[in-house]
Each structure stands twice: as C-alpha cells, then as structure tokens.
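Understanding the architecture of this molecule
Here's the letter readout for the chains.
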Amino acid sequence: MRPSASLALLSVLALGAAVAAPAAIAKPAALPASGKPFKLGGLTVVSWYPSTRTAKLPLILFSHGYGGCGAQSTFLTTALAGAGYIVVAPNHADASCGPGDPPAPEIPFEQPAAWNDTTYLARKTDMVGLVAALKADKAWNAAIDWTRVAGMGHSLGGYTMLGLGGGWPSWDQPVIKAVLALSPYCAPYLDEGALGSIAAPVMYQGGTLDYAVTPTVKRPDGCYARTATPAYFVEFAGAAHNAWSDLGNTNNAQIIYYARNFFDVTLKGADPSQLLTSIAGVTTYWWRR
C-alpha cells in the first residue's frame, strides 16, 4: 500500500455508489420492472433479470460499497441478467449514490483489527431479511432456484458477502453457494475472521491502481492466501477501487468476463477449465482448486 493510502482509505471506499414450460414465456408481470427500485421486506431494492425465462433461475445477491447503492454497478448487474441470472440488490443504511456524504463508518476503515462480527451487523440483517422476503413473495419464489444462490459485493459489500459466506462464523448463510468479492474490504478477517472455513468457492477481483484494498488481498499472508480452496484471485491492469462501479468504465469487459464465468461454473455447472484462462488486461491470475 502506498504511504498515503491509509489516509485516503475512507474517501476511496465511499462511492458517493417454479415455472417449467416447454417454450420461453414472457417475464412475469408480477415482478417489479427490471432495473427499477421497489420496496421489499422494508428495504429499497433493485433487481435485474432476463426478459424471458424457461425455468427457475439462479440468484445473485449484490451488496454495494460504503456510500454506494444497489444500482451502483449496472454495467455488471445488467450483463449478469443477460447471462441468465436474477440479480437482487438492496440499499443498506449507508447508501448514497447522490449528493451528500454517507454516515460515518461504524469503526474507521484504518482500524481493521477493531472490527468484529458486530461491525456492520445490520448489513447481514438486510441480506438475511431480503432472502426471507424473496421466499415469502409468490412471484419471486416462483422465479428463483434456491439451490443456486451466490453473493457478490463491492468494497464494504465484499466484506458483507465474505461474512455471509462464513468469514464471520456467526454470519454464515449456507444458502450462499459462491462468493464474488470485488475489491473487498477484507482486512478485518485477517485479524479475527475465518476465511479458511468458508465452504463456498470465492473469487477475489482487484486492480493495479486499487492501492487501498487489493494489496490486502494479494499479499502472501493476505485474504486470498487465507481463503479455503477453491479460491481465485484476478487483478486487472489500470483498475482503481471504483472500477467495479459505474464510476469506473475502465475494465468492464474483463470484470464481466470473470464474473460470468465464475458464476457459470459455480452455479450452472459449466466446465471449470473456462475459469483457468488469463485474458488481455489481466496482470495477475491465481487459483487453487
């Protein structure tokens, strides 16, 4: 990490963002419009899904970064919907994606050793409540294949999803079958967490310009090294912390490529060899299987 990275960490982490039919059927009218916010389980939520479907679909739960919002990464969530996934993203209490600043962090990001499983516990509550609300909703429950659910999160959202995957044992949600951690704030798990006990496959994504977060993932004793197998780490050339939001636009194609292939392998049973390719724009790609 550059010497100035610690001082800049706070500003860097803030974004500012069962139907079985022989033929395709129109998207269910009972579902909220794709890409538009709605209320569910007491949360403001955004969802994306294919315009047509032939069966229940895998679900990806997305958790936004500190000061971001559920709709902060539409380039990625829209692409995943086009690849055959339902993506559902709530706004957490720190959501902004507009004028004004998010509330102060519960514990400073510069003090990861002070974090524990009570830090941002409300985010866990949001995601657990969202799953319960989706199951209780007749239209959503009919659209989702609950045997194929993954978590995806950016920055503080990556912290959230690693926790739900088992990084905090008290947060563990067995419904999560894979975790995609996008430049995740994972430093707290190095002191107190249980990354080595996560049962689901984990992919970390980072960038060469993501000075505040990626080094914590990449270093020899970092988050990737401590995560249970199977685990993946891909680093993109020129990607800064907000490359995974709509504020980035520098590495969209590469981010989508690895996200889609990761979920295709872990949720759809695709050939795992398609995850073992390093493409243009990638500076580092590691995996343990």
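Structure first, text after, so check above.
This report concerns the structure included in the present document. (Residues numbered from 1 in each chain as written. Predicted model: local features only at pLDDT ≥ 70, side-chain atom pairs only at ≥ 80, totals over all residues. Heavy atoms only, no water.)

1. Focus on the environment of Pro90
On the secondary structure map, Pro90 appears in strand S6 (residues 86-90). It is 7.5 Å that separates the C-alpha atoms of Pro90 and Cys69, two residues lying 21 residues apart in sequence. For Pro90, the residues in contact, after removing those within four places along its chain, are Leu43, Thr44, Val45, Phe62, His64, Gly70, Met127 and Leu130. (Helix = DSSP H or I, 4+ residues; strand = E, 2+ residues; numbered from the N terminus. Contact = heavy atoms within 4.5 Å.)

2. Some words on the state of the cysteines
One pass over the structure, following the stated rule, counts 2 disulfides. Here Cys69 pairs with Cys97 through a disulfide, and the sulfurs are 2.2 Å apart. Here Cys69 and Cys97 share a disulfide; its torsion about the S-S bond, -90°, makes the bridge left-handed. One end of the pair, Cys69, is in the loop between strand S5 (57-63) and helix H2 (74-82); the other, Cys97, is in the loop between S6 and helix H3 (121-136), and 28 residues separate them in sequence. Overall, Cys69 belongs to the buried group, its relative accessible area being 11%. In this model, Cys186 is linked to Cys223 through a disulfide, with the two sulfur atoms separated by 2.1 Å. Its torsion about the S-S bond being 100°, the disulfide of Cys186 and Cys223 is classed as right-handed. Taken together, the residues span a long stretch of sequence, with Cys186 in the loop between strand S8 (179-182) and helix H6 (187-191) and Cys223 in helix H8 (residues 223-226) at a distance of 37 residues. (Disulfide = S-S within 2.5 Å. Buried < 20%, exposed > 50% of the residue type's maximum accessible area, 1.4 Å probe, protein only.)

3. A short note on helix H9 (residues 252-268)
Given 3.6 residues per turn, any residue in an α-helix points the same way as the ones three and four places further on. Here H9 contains 17 residues, and its C-alpha end-to-end distance of 22 Å stays within 8% of the 24 Å for a straight helix at 1.5 Å per residue. Most of H9 sits out of view: 12 of its 17 residues are buried. Taken from the residues just after H9, Gly269 is the one with a positive phi, measuring 75°. (Expected span 1.5 Å × (residues − 1).)

4. Examining the sheet that holds S6
Strand order in this open sheet of 9 strands is S2-S3-S6-S5-S7-S8-S9-S10-S11, and the pairing throughout is mixed. On the outer flanks of this sheet lie strand S2 (37-40) and strand S11 (282-288), each paired with one strand and no other. Averaged over neighbouring strand pairs, the angle between their axes works out to 20° when direction is ignored. As paired strands, strand S3 (residues 43-48) and S6 are joined by 4 bridges and run antiparallel to one another. Counted as the bridge partner of Trp48 is Val87 from S6. Along the sheet, H2 contacts S3, S5, S6, strand S7 (144-154) and S8; its crossing angle with S3, the most-contacted strand, is approximately 55°. (Pairing = 2+ DSSP bridges. Axes fitted to C-alpha atoms, helices over the stretch in contact; angles between N-to-C directions.)

5. With respect to the pattern of salt bridges
What the rule picks out here adds up to 5 salt bridges. The salt bridge involving Arg148 is made with Asp145; its shortest N-O contact spans 2.7 Å. Between Lys218 and Glu235 there is a salt bridge, with its nearest N and O atoms 2.9 Å apart. Pair noted here: Lys218 is in helix H7 (residues 214-218) and Glu235 is in strand S10 (residues 231-236), with a separation of 17 residues, a long-range link. (Salt bridge = Lys/Arg side-chain N within 4 Å of Asp/Glu carboxyl O.)

6. Remarks on the packing of aromatic side chains
Counted under the stated rule, the structure contains 23 aromatic pairs. On the numbers, 5.5 Å between centres and 40° between planes, the contact of Phe109 with Trp115 is tilted. Neither Phe109 nor Trp115 differs from the other in exposure class; each is buried. Here the aromatic rings of Trp168 and Tyr189 are separated by 4.8 Å at their centres, their planes lie at 50°, and the arrangement is tilted. Of this pair, Trp168 sits in the loop between helix H5 (156-167) and S8 while Tyr189 sits in helix H6, and the two are 21 residues apart along the sequence. Like Trp168, the residue Tyr189 is buried in the burial classification. Ring pairing ties together the aromatic residues Tyr66, Phe109, Trp115, Tyr120, Tyr159, Trp168, Trp171, Tyr185 and Tyr189, which thus form one cluster. For Arg123, the ring lying beneath its charged end belongs to Tyr120, and the centroid distance is 5.9 Å. Cation over ring: Arg288 sits above Tyr224, and NZ or CZ is 4.7 Å from the ring centre. (Phe/Tyr/Trp six-rings, centres within 6.5 Å; stacked < 30°, edge-to-face > 60°. Lys NZ or Arg CZ within 6 Å of the ring centre and 35° of its normal.)

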